[in-house]
Amino acid sequence: MNTIKMGFGPVYNSESILLILGSFPSVKSRQNEFYYGNPQNRFWKTVCSFFGTTVPDAIEGKKEFLLANRVALWDIVTECEIEGSKDDTIKNFKVADLKKILQNSKIRYIILNGGKAFSIFESNYKDISIPYKKLPSTSPANTRFTVEEWHNELYGIFKRN
């Protein structure tokens, strides 16, 4: 029997313009107590390389990087039952209440990191007035991921702002 697993709180500030939503933290992330804690996950390398910097080693450095670049980060699922890190086993979940972030920031665009994040988001927020887009998951298990697709999307967002 699975026990309820808790995710992490959001990282954002009043200047955040982009919200990136994943599905739920992986086993490695839960062990490391922060988003995208699996060193094989391509999230940090992809986003940091877009901004021309190296991946910070510590959690505080990652938070500072996100905030300095006006990026908010959270997961669409805040708690759930899950087998290992498999998104397709997520059940009995609670959906993130995005109101707090949206009311206290300048979010103008939302990126959904992968299909599960996208489907849960659309089931709960399809009428949101903020533009959003699903991008290929940065998970090491996703063979369809490309850095270029992420960089192109980020360029479109930050070029306008």
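Draft legend 1. Spotlight on the sheet that holds strand S4 (residues 77–81). Spatial ordering of the open sheet is given by S1-S4-S5, a layout of three strands whose pairing is antiparallel. The open sheet terminates on both sides in strands that have one partner only, identified here as strand S1 (5–6) and strand S5 (91–95). Where S4 lies against S5, three bridges are found, and the strand directions are antiparallel. Bridge assignment links valine 77 to a residue of S5, and that residue is valine 95.

Draft legend 2. Representation of the packing of helix H2 (residues 43–50) against helix H3 (residues 59–68). Across the interface, H2 lies against H3 with an axial gap of 11 Å and an inter-helix angle of 45°. With respect to H3, the element H2 is oriented oblique. The interaxial crossing formed by H2 with H3 has left-handed handedness. Counted together, Trp44, Val47 and Cys48 of H2 and Lys62, Phe65 and Leu66 of H3 form the full contact between these two elements.

Draft legend 3. Highlighting the pattern of salt bridges. The tally for this structure, following the rule as stated, stands at four salt bridges. Across the pair lysine 106 and glutamate 15 runs a salt bridge whose closest N-O atoms are separated by 2.9 Å. You can see lysine 106 sitting in the loop between helix H4 (99–103) and strand S6 (109–113) and its partner glutamate 15 sitting in the loop between S1 and strand S2 (18–22), a full 91 residues away along the chain. A relative accessible area of 37% means that glutamate 15 is categorised as partly exposed. Among the ionic pairs, glutamate 79 bridges to lysine 94, the shortest N-O distance being 3.8 Å. With glutamate 79 in strand S4 and lysine 94 in strand S5, the pair connects residues that are 15 residues apart, well separated along the chain.

Draft legend 4. Structural detail: the pairing of S4. Most of S4 is tucked away: four of the five residues are buried. Alignment of S1 against S4, held across two bridges, turns out to be antiparallel. By the bridge assignment for S4, lysine 5 is matched with cysteine 80.

Draft legend 5. Focus on the nonpolar core. Membership of the largest hydrophobic core comes to 46 residues, with the highest contact counts inside it found for Leu18, Leu19, Leu21, Trp44, Ile110, Ile111 and Phe121. Mapped onto this core, the elements with two or more residues apiece are S2, H2, H3, strand S3 (71–75), S4, S6, helix H5 (115–125) and helix H6 (147–160). When sequence neighbours within four positions are dropped, the list of residues in contact with phenylalanine 121 reads Leu21, Ile76, Leu98, Ile110, Leu112, Lys126, Ile128 and Tyr132.

Quick notes on the rules
- Residues numbered from 1 in each chain as written.
- Predicted model: local features only at pLDDT ≥ 70, side-chain atom pairs only at ≥ 80, totals over all residues.
- Heavy atoms only, no water.
- Pairing = 2+ DSSP bridges.
- Helix = DSSP H or I, 4+ residues; strand = E, 2+ residues; numbered from the N terminus.
- Axes fitted to C-alpha atoms, helices over the stretch in contact; angles between N-to-C directions.
- Parallel < 35°, antiparallel > 145°, perpendicular 65-115°, else oblique.
- Left-handed = near helix turned anticlockwise from the far one by under 90°.
- Contact = heavy atoms within 4.5 Å.
- Salt bridge = Lys/Arg side-chain N within 4 Å of Asp/Glu carboxyl O.
- Buried < 20%, exposed > 50% of the residue type's maximum accessible area, 1.4 Å probe, protein only.
- Core = buried A, V, L, I, M, F, W, Y, C linked by side-chain atoms within 4.5 Å.

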